[in-house]
Amino acid sequence: MRFLILFCLLYLTGERIKGQTSDTTTSSTDPCYEYTVLDNSWRDVRYEPNGDHDDSLVEWNGWYRLYLNGESAHMSEWCVSHTNCGGAAALYLNGSHPQVEDGVVTLEVLGYHPRGECDDYRSTPIQIKACPGDYYVYKLVKPDESVRGPSYCAVAFNSLSNDPCYSYQSLDHPWRATNESGTLICDEFFSMSGWHRLFYNGMDIRMPESCVGLYSCNGYYSLWLNGPHPQIEDGVVTIEVCGSYDAGCCEFVGVPIRVKACPGNYYVYEFAEQSWCTTYCIDVSTISPTASFTTSAVTAFNMTLHDDPCNNYSIFDDQNRSPDYYFFHHNLINGYDDTREWHGWYRLFINGSSAQMPELCFSYMSCGRFSSLWLGGPHPEIEDGVVTREVYGSNYQRCSYYRSDPIQVKACPGNYYVYKLIMPDRFIPAPAYCAVVLPSPPSFDPCYSYNSLDEPWRANTIPVIGDWTNLRCDYDVDWNGWYRLFYNGQSVQMPESCVSRDMCGTFHPLWLNGPHPQLEDGVVTRQVCGFGWNDCCGYISRPIRVKACPGNYYVYEFVRPLLCAAYCAGRHIVLCEGNPCLELNCTENEQCEEKHGVYGCTCKENHHRSQHDAFDLIETCESSYGSMSLSRCQLFEAGFPSDILHLNDPNCRGTIRNGRVEFFFDNNDHICGTSLVANGTHFIYKNVIVGEPNSAGHLINRESILKLSFSCVYSQSQTLSMNINPLESTVHVNLAAGQGTYQVRMIPYQDVEFSHPFAGSVNVELNEQIFVEVRVDGVDSHQFASVIDTCWATPVNDPYYPLRWDLITDMCPNSNDKVELLQNGVSTSSRFSFSMFIFISNSTKIYLHCAIHLCFLTDNDCSVHCDSEHLHREVRSVDLCDSTSISVGPLMLSDGNKGVQVSNQVRASRAPNLCASLMILLISISVLTFF
């Protein structure tokens, strides 16, 4: 009974002491129950060096029990390099901890300094005792004063709730083999916590027990066990981990790990996260072909019974596959890799949004793992069926450093793709199939809605000023929308060739790895490169979208780079000094010469033209803008350097591109002094290119003045003209005309809000209300309005068929029918409604035809006013065009909502009478064309 009472007292005393943080108990003279709790997280052997703590400054008193973040810990028995346990020198025990039966023992304390070797310091010995309950107490004392900044190190291992021989993660990375090298892969990129069993292409393998050379195992510090593997009867043991360096095999001493031998002749390892760039190695001489293991399969969703993979796929939604999840900003590769068993076809999503594999390279560690896998070719079209595409993977050296096994791809209705994913080559380090959500087309034209970016430090010829603390980093910029680049007010563009490191204000200057698009290309996607690892494109940033704009400039949809990098501004920047020819960038068809004290680009002999050839004019008139391009060398030879030329507005100057001077205007935000007039048959945009010599400080001038008057004339047939008419004593030229068109559409709707157009065939019942919109696209809605002159119906697809029914006449609705004119002459769209009818000839369909014109709003009241007394108004404006016709059909009678489908007919022709302001198309087409 006395023994039981004593045991209970000791047990209760131990429980109370365990929760203390600084107080000392006096319940017993046994130090196992009379100690001070010491819980400092910075004592962990995994703690990065900082040298802030010094145990020689602590007044030590009595016995101490170590904790790390609330978990029982003990002093390290191993020298651990590259960590100081919070101080300047890491203190550890020179020997193993005692057993309970050993009582109090004395052990030496050694110290390591990162600039020296293990055992560099020999501190004051301390007393240690093993206690029941599997913990230790230490009589800590002030370390030897000759040790600078000493700190007692602690280590803690998680308690085992399950046998790790049957609860482990499989790690099959052949690139960890001792005979592999060439790529720098650090285990700090991975989550190495927990127990692991090692494999080599499915075969059992183990860690090496002897020295492994530097850079082996595709790592920097190649880790091996500094001791033999245990036997089964040893249970869980702790073994030191070494890494080779230039000076010796075990110069790097890592955090020790626990190892256990398992039945079946294999081992499991509790890997610890090491400091610096280290890689756990596997020894190819220990491969055992008899081992086997299983991998977890991907969970499948939304499976169907159809054979078509577009209807029989697994949904794979993993946000970590997005390039946005780049390692250096998220500190951990998510999961392991895609070397798993894949089953069948997959459709990719990111956070619920449909995604697809990229067709452009992404930098390594961009998609949640180490090697980013991308498609080595374009996605197929629906009509292509199932195609096979190569798969490439990137590392830090090259974009297509790895080549994985090809996969099958299929395009599906609904604008998505499915992939028959397979296990990538295991020799590719931690591969992952990338996925990107493609941006939707912009809802606006970015050429006229952009942010101006004028930061001179972005120039590709300006190096970083000062040290690296002055680096610019576009990763820190909140990019939003589209941008146009300027340099001190001058329009520039991104460079298309290599930019050296430390330029553009940053370490990784970004340039466009591909040519800029042309106007007709619209919005394109381009890869972005940055200088890195002694390679012009050593760093692959995220792709961006680019668009060429009228007026010879580009807009870019910048996105956040993955590293500290910056987008460069390159072309047209004048930074050279001394040699004026270097500033001109004359083309291969030009040569730099001086004329009358001015340097410029003259034409080479085989490209020379006389001034009567109109300076090799290239002109364009499109909708509401115009552009003109002239030969720079011919202008200069005629006495007109490009820098003295401008439009009516002196601020609208020409832009140099490929040896040509280009001018641009529109009627929105870049008017440039353009005037708009109407003459009754045409509307005309007019402007003048002016070249005036610099006469500052002079009273008179005898130099020629250049005035090139030009105009964009828009006719009814969309035929566009541009004429240059030089004035009086200036240069006389004759120029050709450009042509273009507008678009007119007629669309039937189901509702008065005009929000639900008919899809496919128009099947309606008798007397059912139909709403019709006639819309003109491509004209300036601030300048023009469309007016419906007449609308009529025919039973066949012929607007000139003798049997017809009038719905609108003289711009007003037919008073003998249920027709309502909802909008006419107030905008570029006109609207009306009528009730469905059929012709007596038992036809079940009708065809609609409308004649319209455009009205010039500036000088006219274009709105149409109809009432019961005066159902039409006189045409008061001379600026109204002759009408043109547009047709749509058939509109079919529905018998109980069951219409008879008929074949669609398409016929197009042009009206014979042309008018200034509108394309005149005679279109007879099924509504299926419009939806």
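Keep in mind that what you see is a predicted model, and the values were worked out from it rather than measured.

### Brief notes about the overall build of the chain
What the chain contains, in helices and strands, is four helices and 58 strands. When the 931 residues of the chain are sorted by exposure, 52% land in the buried category. Within the chain, contacts between residues separated by at least 24 positions form 65% of all contacts whose residues are at least 6 apart in sequence. Of the roughly 42,900 Å² of accessible surface on the chain, 48% is carried by carbon and sulfur atoms.

### Points about the state of the cysteines
This structure, assessed with the given rule, holds 15 disulfides. In this model, Cys504 is linked to Cys568 through a disulfide, with the two sulfur atoms separated by 2.0 Å. On the S-S bond that ties Cys504 to Cys568, the torsion sits near 115°, and the link is right-handed. In this pair, Cys504 sits in the loop between β30 (490–491) and β31 (508–512) while Cys568 sits in the loop between β35 (565–567) and α3 (580–584), placing the two residues 64 residues apart along the sequence. The residue that forms a disulfide with Cys586 is Cys601, at a sulfur-sulfur distance of 2.0 Å. Residues Cys586 and Cys601 are joined through a disulfide that is left-handed, its torsion about the S-S bond being -90°. One end of the pair, Cys586, is in the loop between α3 and β36 (590–595); the other, Cys601, is in strand β37 (residues 598–603), and 15 residues separate them in sequence.

### Focus on the packing of aromatic side chains
Considering all chains together, one arrives at 27 aromatic pairs under this definition. On the basis of an interplanar angle of 75° and a centroid distance of 6.0 Å, the ring pair of Phe754 and Phe771 is categorised as edge-to-face. Taken together, the residues span a long stretch of sequence, with Phe754 in the loop between β47 (743–749) and β48 (762–764) and Phe771 in strand β49 (residues 769–777) at a distance of 17 residues. Neither residue differs from the other here; Phe754 and Phe771 are each classed as buried. Joined through ring pairs, the aromatic side chains of Trp479, Tyr483, Tyr556, Phe558 and Tyr567 make up one cluster. Above the plane of the ring of Tyr135 lies Arg65, whose end atom (NZ or CZ) is 3.7 Å from the centre. Of note, Arg197 hangs over the ring of Tyr266, and the distance from its end group to the ring centre comes to 3.7 Å.

### Structural notes on the nonpolar core
Among the nonpolar cores identified, the biggest contains 31 residues, and Leu198, Met207, Leu225, Ile257, Tyr269, Phe271 and Tyr280 are the most heavily contacted of them. Contributing elements (two or more residues each) for this core: β12 (195–200), β14 (221–225), β15 (236–245), β16 (248–262) and β17 (266–270). It is β16 that contributes the most residues to this core, five residues altogether.

### A closer look at unusual backbone geometry
In this structure, Asn69 takes a positive phi of about 55° despite not being glycine. Checked against the element boundaries, Asn69 lands in the loop between β2 (64–68) and β3 (71–72). We note that Phe754 has phi near 55°; this positive angle belongs to a residue other than glycine.

### A closer look at the pairing of strand β26 (residues 416–420)
With respect to burial, β26 is a largely interior element, four of its five residues being buried. A loop of three residues connects strand β25 (residues 402–412) with β26, the two strands running antiparallel in sequence, and Gly414 in this loop sits at a positive phi of about 105°.

### A closer look at a nonpolar patch on the surface
On the surface, Val796, Tyr801 and Leu803 cluster together to form a nonpolar patch covering roughly 220 Å² of accessible area. Positionally, Tyr801 belongs in the loop between β50 (784–794) and β51 (805–809). Overall, the relative accessible area of 32% leaves Tyr801 in the partly exposed class.

### Quick word on the confidence of the model for the chain
The pLDDT averaged across the chain works out to 75; a share of 74% of its residues lies at or above 70. Across residues 716–740, where pLDDT falls below 50, the model places 93 contacts with residues more than four positions away in sequence or in other chains.

### Considering the side chain of Arg484
Mapped onto the elements of the fold, Arg484 is located in strand β29 (residues 483–487). Its relative accessible area of 12% is what places Arg484 among the buried residues. Leave out the neighbours within four places in its chain, and Arg484 touches Tyr450, Asn451, Ser452, Leu453, Ser491, Tyr553, Tyr554 and Val555.

### Section: the pattern of salt bridges
On inspection of all chains with the given rule, the structure shows 17 salt bridges. The residue Asp163 makes a salt bridge to Lys260 at a minimum N-O spacing of 2.8 Å. Here Lys260 lies in strand β16 and Asp163 lies in the loop between β10 (154–155) and β11 (169–172), a separation of 97 residues in the sequence. Overall, the relative accessible area of 14% leaves Lys260 in the buried class. Sharing partners across several salt bridges, the network here consists of Glu455, Arg458 and Asp474.

### Some details on the environment of Gly505
Inspection of the secondary structure puts Gly505 in the loop between β30 and β31. When the C-alpha positions of Gly505 and Arg472 are compared, they lie 5.3 Å apart, and in sequence the two are 33 residues distant. Not counting residues up to four positions away in its chain, the partners in contact with Gly505 are Trp457, Ile462, Val464, Asn470, Leu471 and Arg472.

### Some details on the environment of Thr124
Inspection of the secondary structure puts Thr124 in strand β7 (residues 121–131). Given the relative accessible area of 31%, Thr124 is considered partly exposed. C-alpha of Thr124 to C-alpha of Glu145: the two residues are 21 residues apart in sequence and 9.3 Å apart in space. Thr124 has contacts with Val109, Val141, Lys142, Pro143 and Asp144, leaving out every residue within four places of it along the chain.

### Concerning the environment of Leu635
In this structure, Leu635 sits in helix α4 (residues 632–637). Placed 56 residues apart in sequence, Leu635 and Gly691 show a C-alpha to C-alpha distance of 9.8 Å. Setting aside anything within four residues of it in sequence, one finds Leu635 in contact with Phe615, Leu630, Phe640, Leu645, Val661 and Leu706.

Each value, and the rule that gives it
Residues numbered from 1 in each chain as written. Predicted model: local features only at pLDDT ≥ 70, side-chain atom pairs only at ≥ 80, totals over all residues. Heavy atoms only, no water. Helix = DSSP H or I, 4+ residues; strand = E, 2+ residues; numbered from the N terminus. Buried < 20%, exposed > 50% of the residue type's maximum accessible area, 1.4 Å probe, protein only. Contact = heavy atoms within 4.5 Å. Areas by Shrake-Rupley, 256 points an atom, 1.4 Å probe, with all protein chains shown as cover. Disulfide = S-S within 2.5 Å. Phe/Tyr/Trp six-rings, centres within 6.5 Å; stacked < 30°, edge-to-face > 60°. Lys NZ or Arg CZ within 6 Å of the ring centre and 35° of its normal. Core = buried A, V, L, I, M, F, W, Y, C linked by side-chain atoms within 4.5 Å. Pairing = 2+ DSSP bridges. Patch = residues over 30% accessible without salt bridge, like charges linked within 9 Å, V, L, I, M, F, W, Y side chains within 5 Å. Salt bridge = Lys/Arg side-chain N within 4 Å of Asp/Glu carboxyl O. pLDDT = per-residue confidence, 0-100.

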